[in-house]
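# Structural overview for review
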Amino acid sequence: MATSARTAAPPAARKVPQHRPGSKLRRHNTIVGWSFILPNFLGFGLLTLVPIVVLFYMSFTNWNAFGTADWVGFANYERLLTDGSFRISFLNTLYYTVLHIPLTIVASLGLALLLNNKLRGVAFFRTAAFFPYITSIVAIAVVWNLLFSPDSGPINEVLRAIGITEPPGWLTSPEWAMPAVVIVGTWRDMGYYMVLFLAGLQTVPRELHEAARMDGAGVWQRFVNVTLPCLRPTMFFVTVMLTINSLKIFDLILVMTGGGPGQSTSVISQFIYRRGFEENQFGFASSAAVALFFLCIAVTVVQFLWNKKRSV
Amino acid sequence: MKRTFAAAAGIAATAAIVLAGCSGGTESTDPDGPITLTLSGWSLDTTPEFQALADAFTEQNPDVTVELVGYDPVEYNTLLTADLAARSGPDIITQKEVKFVSTFQEGGQLLDVSDVELPDGIGGASSYEIDGASYAVPYRQDSWVLFYNKDLFDAAGVEQPDGSWTWDDYEEAAAALTTDASKGAYQHTWQSVVQGFANAQTGADILDGDYEHFAPYYERVQAMEEAGSEVAFNTATANQLTYQGEFGTQKAAMLPMGTWYVATLIAQQASGEANDFEWGIAPIPQEDASTAGLENEPVTFGDPTGFGINAGIDENKVEAAKAFLEFAASEEAAQVLAGIGITPALLNEAVVETYFSVDGAPGDDLSKFAFAEHETLPENPTSSRTAAIQGILADMHTAILSGSSSVDDAIAEAQDRVASEVGTD
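The model shown is predicted, which means the values in this text are computed figures rather than measured ones.

With that settled, consider the overall build of chain A. Helix and strand content of chain A: 14 helices and 2 strands. Taken over the C-alpha trace, chain A has a radius of gyration of 25 Å; the compact-globule value for 312 residues is 20 Å, which it surpasses by more than 25%. Taken along its principal axes, the extent of the C-alpha atoms in chain A is 85 × 70 × 40 Å. Counting all 312 residues of chain A, 29% fall into the buried class. Of the contacts made within chain A by residues no fewer than 6 positions apart, 68% connect residues no fewer than 24 positions apart.

What follows is the structure, given as structure tokens:
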């Protein structure tokens, strides 16, 4: 695409300035440029930007999807602060995020380092590691539910075989349901972030590794002092994306536990879904969505500031 | 040249996409000419009731055509809400779940249809009454009964249900029926299976925020799981068991379930998906002997399915739409529905005969009694708070049956949550 555009463009570009003054050309180019991004931008504007703006408005109203929305000021936010379910969902979201981010980074970076070597069949293993990411979430939920089955599931049979007499109840126990969901979340996401890390690893200069080896650095020292610093831009990107995706976790919870047992795996996105689409309290649901929005923004801004400080 | 063309094409394409979203509109209908009514339904391929009613109605009223609008069954209310909010909803709105009726009514989406005449003895009409006015008419009403496998009863030497059972009899029979190959009963994972009976048979109202009446019902389930006479809730959820699989392949001798399963079981036995065995339906076990026995009306629960009229309907179509509602509630429509295995809201002797004349249906008198005679209380009271309360009670259900919380703690928590998050006024 890029090459064909480059070969086609020059004749036209060379012709134009002979007939038109510079400002006209610039305007012309601007219009052409705009026209190229217009379809995408219109889609973004209509389907993303406008709904988000409307969401902010709706969070100050009481609306059941029909008729006019009544302005209620900050009532929804006040209710949010005292709502026990929201507090539980908020804490569960943080719990998932705090557990999911480091686990996924370690797993995906480990995989990337492993599959960055020249092995026989490395392409196959890279593809295999990516499979969970493109597998249907419903299939994932059904299979993992069977694996986690407390009495007859393979996971607990293995645990019993190695001498753990009382293995956890996983999805049936309020203490273990969230760790179980995190395990599945990590398993699903690690292939995707592995690809990002693999791309990052290609940018680590070989000379640095060679120099370090000459200086007598071991494998671990080279990893900590050469690979990791060179990976910093990738690591930053992965962390930001992982954080946002973890805070927004929804599909996995919905199909695996539905928030249960009790409310032990209920998260903010699910809280929004239930209040909005099951109970038709769109105003209240919107205020929770705004809260989630600001939570994501706040965490991301902190990460950006921290990254900036480190890079100076 | 090329770039100008590309730009023009881009703008044209975008404009086309934007404009496509704004097309459509309503044309006015001539009251004397032919009328087309639209009616919302779901899974039209596998849910024949809508087409059957539409065809039967058009046969009587040749100048009115009923056109079906199909929706996804899982997201039915969400999609319908979106269409109604955009004023592009169907003329006749099928009420799939009672808990959404008050949302539609409060949103001004439903026409008052109090003047549509209903036949005597039709069930479920009260679910559509709000402040003394009716906003829909019921055409279908499933209620919960006890399915039982006669072969397994005979094999175990246990006496078959006679219509006089209380839950104690049920528990006892389940224990006696349990063998290495099959359990005495299967209780599906839905909250209705415990809570629906508890509400109906103790006369409790979930809107009042007091849930102590659930305790004995949950304790019985736990006792039966403990005794091994039914599959544990955790196993059923982890292995994603289906009630059709458990009862249809004889892994359980008894199954409390809604009457919709009658048609499914007949079809699955015919196709070989379910095993070939003798079965019947009995009245659901009762709280105590006062409502049990063939001389009494057993108390059970179930919600109706009904038709309402879109408040934004073309004025000239209102009469035809009301005529359709009246037809859907009539005995004629009940006969049509019974003929395809659907439980009509209106049950009389003739309708019951039609229902049981299907090949593969049980022929015994107890099954007919169980199907026709019952006091069916609504599962979902008609209120804007119902959806939120049922959500909280669903959490309580999983907390108790997964074993992660004691019955009393879970009930206390549900009461606190309803009081603080929903309100009990």
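Here the narrative resumes.
In terms of helices and strands, chain B carries 17 helices and 13 strands. Dimensions along the principal axes, computed over C-alpha positions, put chain B at roughly 85 × 50 × 50 Å. Residue burial in chain B is summarised as follows: out of 425 residues, 47% are buried. Across chain B, every contact between residues at least 6 apart in sequence was considered, and the portion connecting residues at least 24 apart equals 75%.

All right, on to the nonpolar core then. One finds V137, F147, F324, L325 and A328 of chain B to be the most contacted residues of the largest nonpolar core, which totals 115 residues. Top element by residues in this core is helix 16 (residues 386-401) of chain B. It accounts for 10 residues. In terms of domain composition, this core takes at least three residues from each of domain 1 (35-142 + 302-346) and domain 2 (144-300 + 379-422) of chain B. Leaving out residues up to four positions away in the same chain, A328 of chain B has contacts with L53, V137, Y139, F307 and A333 of chain B. Counting 34 residues, the second largest nonpolar core, distinct from the first, contains M58, M256 and I272 of chain A together with A238 of chain B.

In this complex, chain A contributes 37 residues to the contact, which on the side of chain B involves 35 residues. Mapped by element, the contributors of at least two residues to the side of chain A that touches chain B are helix 1 (2-19), helix 2 (22-58), helix 4 (84-114), helix 6 (137-148) and helix 13 (268-278) of chain A. Broken down by element, the residue count for the side of chain A that touches chain B peaks at 7 residues, all from helix 2 of chain A. Its residues assigned to classes, the side of chain A that touches chain B comprises 18 nonpolar, 14 polar and 5 charged.

It is worth spelling out the domain arrangement of chain B at this point. Size of an interface, as often reported, equals the accessible area lost when the parts are brought together. Residue and element names in this part refer to chain B. In terms of domain boundaries, chain B breaks down into domain 1 (35-142 + 302-346) and domain 2 (144-300 + 379-422). For domain 1 versus domain 2, the separation of C-alpha centres amounts to 29 Å. Taken together, the 13 residues of domain 1 in the interface contact 16 residues of domain 2. Of the residues assigned to the side of domain 1 that touches domain 2, the class counts are 3 nonpolar, 6 polar and 4 charged.

This part is about the packing of helix 8 (residues 177-202) of chain A against helix 11 (residues 232-247) of chain A. Residue and element names in this part refer to chain A. Across the interface, helix 8 lies against helix 11 with an axial gap of 10 Å and an inter-helix angle of 165 degrees. Between helix 8 and helix 11, the interaxial angle falls into the category roughly antiparallel. The crossing of helix 8 and helix 11 is right-handed. Where helix 8 abuts helix 11, its residues Y193, L196, F197 and G200 lie against T234, F237, V238 and L242.

A separate point is the pairing of strand 6 (residues 137-141) of chain B. All names here are of chain B. Most of strand 6 sits inside the fold, with 5 of its 5 residues counted as buried. Alignment of strand 6 against strand 12 (residues 304-309), held across 4 bridges, turns out to be antiparallel. When the bridges of strand 12 are listed, Q141 appears paired with P304.

The next subject is the environment of D251 of chain A. Along the polypeptide, D251 of chain A turns up in helix 12 (residues 251-256). A sequence separation of 30 residues divides D251 of chain A from Q221 of chain A, and the C-alpha atoms of the two residues are 40 Å apart.

Moving on, we get to the pairing of strand 7 (residues 144-149) of chain B. Regular strands have side chains that alternate between both faces of the sheet. Residues and elements named next belong to chain B. Where burial is concerned, most of strand 7 is hidden: 6 out of the 6 residues are buried. Burial along strand 7 is two-sided: the face carrying W144, L146 and Y148 and the face carrying V145, F147 and N149 are both buried. Alignment of strand 7 against strand 10 (residues 279-282), held across 4 bridges, turns out to be antiparallel. Its bridge partner lying in strand 10, F147 is registered against I281.

A word on the sheet that holds strand 9 (residues 252-258) of chain B. All names here are of chain B. Sheet architecture is open: 4 strands sit in the order 8-9-7-10, paired in mixed fashion. At either end of the open sheet lies a strand with only one pairing partner, and these are strand 8 (183-185) and strand 10. Adjacent strand axes in the sheet meet at a mean angle of 25 degrees, parallel and antiparallel pairs treated alike. Its contacts with the sheet put helix 6 (residues 167-177) on strand 8 and strand 9, and the angle it makes with strand 8 is roughly 160 degrees.

By domain assignment, chain A separates into domain 1 (2-58) and domain 2 (79-311). The gap between the C-alpha centroids of domain 1 of chain A and domain 2 of chain A is 37 Å.

We now examine the confidence of the model for chain B. All names here are of chain B. On average, residues of chain B carry a pLDDT of 88, and 92% of them reach 70 or more. Here residues 17-27 is modelled with pLDDT under 50, and outside its nearest four sequence neighbours on either side it reaches 3 contacts, counting other chains as well. Interface confidence for the predicted complex, given as ipTM, is 0.79, next to a pTM of 0.83.

What follows covers helix 2 (residues 49-60) of chain B. In an α-helix there are 3.6 residues to a turn, and that puts residues three or four apart on one side. Residue and element names in this part refer to chain B. Taking 1.5 Å per residue as the helical rise, helix 2 with its 12 residues ought to reach 16 Å, and the 17 Å between its terminal C-alpha atoms agrees with that figure. Considered for burial, the residues of helix 2 that qualify are E49, F50, L53, A54 and F57. Along the axis of helix 2, the buried positions cluster into a sector of 130 degrees, meaning they face one direction only. The exposed residues of helix 2 that point more than 90 degrees off its buried face are D55 and E59. Packing partners of the buried residues in helix 2 comprise strand 1 (35-42), strand 2 (64-71), strand 6, helix 12 (318-329) and helix 13 (331-339).

Considering the arrangement of structural elements, one finds V98 of chain A in helix 4. The sequence separation of V98 of chain A and W170 of chain A amounts to 72 residues, and the corresponding C-alpha distance is 19 Å.

Attention now goes to the confidence of the model for chain A. The predicted coordinates of low-pLDDT regions are not to be read in fine detail. Chain-level pLDDT for chain A is 87 on average; 93% of the residues reach the 70-or-more range. Confidence scores differ between elements of chain A, with helix 1 of chain A showing the lowest mean pLDDT of 46 and helix 4 of chain A the highest of 94.

The next subject is helix 7 (residues 192-202) of chain B. All names here are of chain B. Counting buried positions along helix 7 yields 10 of 11 residues, so the element is predominantly enclosed. Buried-residue contacts for helix 7 involve strand 7, helix 8 (215-227), strand 9, strand 11 (299-301), strand 13 (375-377) and helix 16. Within two residues after helix 7, G203 carries a phi angle of roughly 70 degrees, on the positive side.

Calculation rules
Residues numbered from 1 in each chain as written. Chains lettered and ligands numbered in written order. Predicted model: local features only at pLDDT ≥ 70, side-chain atom pairs only at ≥ 80, totals over all residues. Helix = DSSP H or I, 4+ residues; strand = E, 2+ residues; numbered from the N terminus. Rg over C-alpha atoms; globule rule 2.2 N^0.38 Å. Buried ≥ 20, exposed ≤ 12 C-beta atoms within 10 Å, placed from the backbone. Contact = placed C-beta atoms within 7 Å. Core = buried A, V, L, I, M, F, W, Y, C linked by C-beta atoms within 7 Å. Domains from an automatic or database assignment. Nonpolar A, V, L, I, M, F, W, Y, C, P; charged D, E, K, R; others polar. Axes fitted to C-alpha atoms, helices over the stretch in contact; angles between N-to-C directions. Parallel < 35°, antiparallel > 145°, perpendicular 65-115°, else oblique. Left-handed = near helix turned anticlockwise from the far one by under 90°. Pairing = 2+ DSSP bridges. pLDDT = per-residue confidence, 0-100. Expected span 1.5 Å × (residues − 1). Arc of directions from axis to C-beta.

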